[in-house]
Every structure is written in structure tokens, then in C-alpha cells.
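Listed here are the chains, written in short residue letters.
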Amino acid sequence: MAIEVRVPTILRSYTGGAKIVEGAGDTLTALIDDLDAKHGGLKGRLITPEGNLHRFVNIYVNDEDVRFLGALDAKLNDGDSITILPAVAGGALGFAAAAALLGV
Amino acid sequence: MGTATVGVVNSHGNVNGVLTIDSAIVQAIVAHARRDHPDEACGVVAGPIGSDVPARHIPMDNAARSMTFYEFDSMEHLRVWREMDDRDEEPVVIYHSHTATEAFPSRTDISFAGEPNAHYLLVSTREPDSEEIRSFRIVDGVVTEEEVNIVDATVKA
């Protein structure tokens with residue numbers, strides 16, 4: 001099962017510079033495990049040590065944010081297109097307060 | 001007597017440590033920041049990939065609608081990034097405002113900075129009649145301030 005994954009600049013050090021890689025899996029968790037097997041270290045940039053989707057990235061299945069599709073449990077199908085974008089966020093708020101607010 | 005060869009003078013891209021940006025775009029960014037004050041404003045200036053020329057101003061919604069935090073709406077983010085991709089553009093500038101503090105990246109800004117090729121432009125609107133405008137590279141948690149060179153009429157905003 002082939003799923004196309006678009007990788008942002010900041011994570012291309014894990015994919016040998018590739019902008020698009022292929023993976024497999026019937027859920028987002030399975031896909032990320034598959035990607036991590038081929039591109040070691042990628043998982044740690046997408047999933048927190050507690051096992052949740054990292055707040056610093058947005059992951060989309062086709063045109064939907066995975067947070068609206070069950071996050072890591074999102075179901076994937078052959079031919080789906082996954083886009084990973086680094087979240088664009090920040091501001092004057094202190095980091096501890098922002099982290100608490102966002103559950104980083 | 002030797003004659004120096006003058007390089008391409010109409011290109012302002014790829015100069016280390018400088019953000020060169022059109023005054024009309026800076027004015028549009030400042031107007032956006034003023035409009036959203038006291039909430040933080042945020043957005044992007046897209047430009048052709050590899051050009052280092054910020055050419056197309058795209059104000060973004062601050063989904064957090066906060067005086068101390070900004071965040072792109074995730075769906076608008078995807079739409080705008082796809083549009084840039086289709087146009088062979090990249091985010092040359094990512095900007096936001098600080099509305100009560102200086103135009104310097106906070107720890108939060110540094111932690112989230114995920115576009116190593118972008119100029120992070122900060123505008124402070126804490127003074128009612130003047131703006132502080134500063135630009136930074138943020139790569140792997142390291143902040144490097146750069147000069148902001150405001151020029152006239154290179155592009156239409």
C-alpha cells in the first residue's frame with residue numbers, strides 16, 4: 001500500500017533531502033512507524049515521548065488536518081496523500097505558559 | 001588601469017545577513033499589525049523559490065486571537081502552502097507582531113520556528129505612533145539578527 005508523504009524542509013535531513021517519500025500503513029501510527037523504519041529519527045519529530053502527535057507539526061491527510069480525523073488513529077487508504085507542515089506559531093507569551101496552553 | 005566588473009545590480013537576493021524588502025510590503029505588514037492590535041498579527045511574504053525576494057504579501061488569520069500568542073489556522077496554512085507550491089514560491093518572510101514587548105523573538109518563537117530558510121520578521125506595535133521592525137534567522141534554536149533593508153518599488157504589494 002503506497003501513501004505519498006510530503007516532507008517539509010526542516011525534516012528533510014531525515015529523508016536524505018527528499019521532498020516526497022512513500023510509506024505504508026492503515027493508520028497514521030502505522031505509517032509513521034513505517035517511515036521511521038526507513039528514515040530513522042523521523043518519528044521523534046512527529047510524536048511526543050508520551051505518544052501524542054507533536055504540537056510543533058501539522059499533519060494532513062489529503063485536505064484534512066489529522067486532528068479532525070482521529071489524530072494518530074486516523075485511517076489511511078492506498079493513494080492517500082499526507083502533508084507534514086511545521087506549525088507556524090509563537091508570540092510574546094512565555095514558553096512555559098504557551099506549552100501549558102498547547103499541551104506541548 | 002583595471003576596470004572592475006560590476007555585477008547584476010538589480011538583484012537584491014541572497015545577501016547574507018540582510019532582509020531586503022519593498023517598502024509597500026512593509027507598510028502592508030505594519031497596517032495589518034496595527035489593525036489587529038492589541039492582538040498579535042501574523043502572515044507570510046512569498047517569493048520565487050531560491051530568489052530570497054519577498055514579493056507577495058499574504059496576511060494570515062491568528063487562530064489564537066491572542067495578545068501574546070499567534071498561530072496560523074491549520075487549514076489556511078495548508079491552502080497557502082499548497083498555493084505557494086503551485087506557484088513555485090516559498091515563504092521568504094514569516095512575520096508576526098508583538099503588541100506590548102520588543103520586536104525580538106521570544107522563547108516560544110524560537111521553539112516553534114520551523115522554516116529554516118525564512119526571514120522571521122517581527123513588528124512591535126507597543127508604541128502608538130512608531131513601529132520597531134526587526135528581522136532574524138532562526139535555525140536549530142539559534143537566533144541571528146539581520147539588517148532590514150527597505151527599498152522602493154521592486155514589486156507591487
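Refer to the structure presented above.
It should be emphasised that the depicted structure is a prediction, and the values quoted were computed from it without experimental measurement.

The rules we used
Residues numbered from 1 in each chain as written. Chains lettered and ligands numbered in written order. Predicted model: local features only at pLDDT ≥ 70, side-chain atom pairs only at ≥ 80, totals over all residues. Heavy atoms only, no water. Helix = DSSP H or I, 4+ residues; strand = E, 2+ residues; numbered from the N terminus. Buried < 20%, exposed > 50% of the residue type's maximum accessible area, 1.4 Å probe, protein only. Contact = heavy atoms within 4.5 Å. Areas by Shrake-Rupley, 256 points an atom, 1.4 Å probe, with all protein chains shown as cover. Pairing = 2+ DSSP bridges. Axes fitted to C-alpha atoms, helices over the stretch in contact; angles between N-to-C directions. Phe/Tyr/Trp six-rings, centres within 6.5 Å; stacked < 30°, edge-to-face > 60°. Buried area = accessible area lost by both parts, 1.4 Å probe. Polar contact = N/O pair within 3.5 Å; in protein donor to acceptor, adjacent residues only side chain to side chain. Salt bridge = Lys/Arg side-chain N within 4 Å of Asp/Glu carboxyl O.

A word on the overall build of chain B
Link 1 in the chain: Scanning chain B from N- to C-terminus turns up three helices and eight strands.
Link 2 in the chain: Moving toward the C terminus, one meets the helices and strands of chain B in the order β-α-β-β-β-α-β-α-β-β-β.
Link 3 in the chain: Across the 157 residues of chain B, 48% fall into the buried class.
Link 4 in the chain: At a minimum sequence separation of 6, the contacts of chain B that also span at least 24 residues come to 64%.
Link 5 in the chain: Carbon and sulfur atoms provide 50% of the accessible area of chain B, an area that totals close to 7700 Å².

A short note on the sheet that holds strand S1 (residues 18-22) of chain B
Residues and elements named next belong to chain B.
Link 1 in the chain: Across the sheet, seven strands lie side by side as S1-S8-S7-S6-S5-S2-S3; this open sheet has mixed pairing. Looking at strand neighbours, the two that pair on one side only are S1 and strand S3 (56-60), the edges of this open sheet. This sheet shows a mean twist of 30° between the axes of neighbouring strands, independent of strand direction.
Link 2 in the chain: Bridging between strand S7 (residues 132-139) and strand S8 (residues 142-151) involves five bridges; their strand directions are antiparallel. Counterpart to Val 139 in the pairing with S8 is Val 142.

A short note on the packing of aromatic side chains
Link 1 in the chain: Overall, the coordinates contain five aromatic pairs over all chains when judged by the stated rule.
Link 2 in the chain: Ring plane angle 70° and centroid distance 6.3 Å describe the contact between Phe 69 of chain B and Phe 112 of chain B, whose orientation is recorded as edge-to-face. Placement of Phe 69 of chain B in the loop between S3 and strand S4 (70-71) and of Phe 112 of chain B in helix H3 (residues 107-112) is noted, with a sequence separation of 43 residues between them.
Link 3 in the chain: Given the relative accessible area of 2%, Phe 69 of chain B is considered buried.
Link 4 in the chain: Phe 112 of chain B gets classed as buried once you look at its relative accessible area, which sits at 3%.
Link 5 in the chain: Each residue in the set Phe 56 of chain A together with Phe 69 and Phe 112 of chain B is aromatic and connected to the rest through ring pairs, giving one cluster.

A word on the interface of chain A and chain B
Link 1 in the chain: Each partner contributes residues to the interface: chain A has 28 residues there, and chain B has 28 residues.
Link 2 in the chain: Each partner contributes to the roughly 2500 Å² buried at the junction of chain A and chain B, and carbon and sulfur atoms together form 60% of this total.
Link 3 in the chain: Between the two partners, chain A and chain B, sit 14 residue pairs in polar contact (both at pLDDT 80 or more).
Link 4 in the chain: Taken together, the elements giving at least two residues each to the side of chain A that touches chain B come down to strand S3 (57-61), strand S4 (64-65), strand S5 (81-86), strand S6 (89-90) and helix H3 (95-102) of chain A.
Link 5 in the chain: Bridging between S6 of chain A and S4 of chain B involves two bridges; their strand directions are antiparallel. Bridge assignment links Gly 90 of chain A to a residue of S4 of chain B, and that residue is Tyr 70 of chain B.

Concerning the pattern of salt bridges
Between side chains of opposite charge, pairing is possible as soon as their charged atoms come close.
All names here are of chain A.
Link 1 in the chain: Summed over all chains, the structure comprises 18 salt bridges over all chains.
Link 2 in the chain: The partner of Asp 65 in a salt bridge is Arg 67, with the nearest N and O atoms 4.0 Å apart.
Link 3 in the chain: Relative accessible area serves as the criterion here: at 3%, Asp 65 is assigned to the buried category.
Link 4 in the chain: Judged by relative accessible area, Arg 67 falls into the partly exposed class, the value being 32%.

Note that every value here comes from positions in space, so none of it alone points to a role or purpose.
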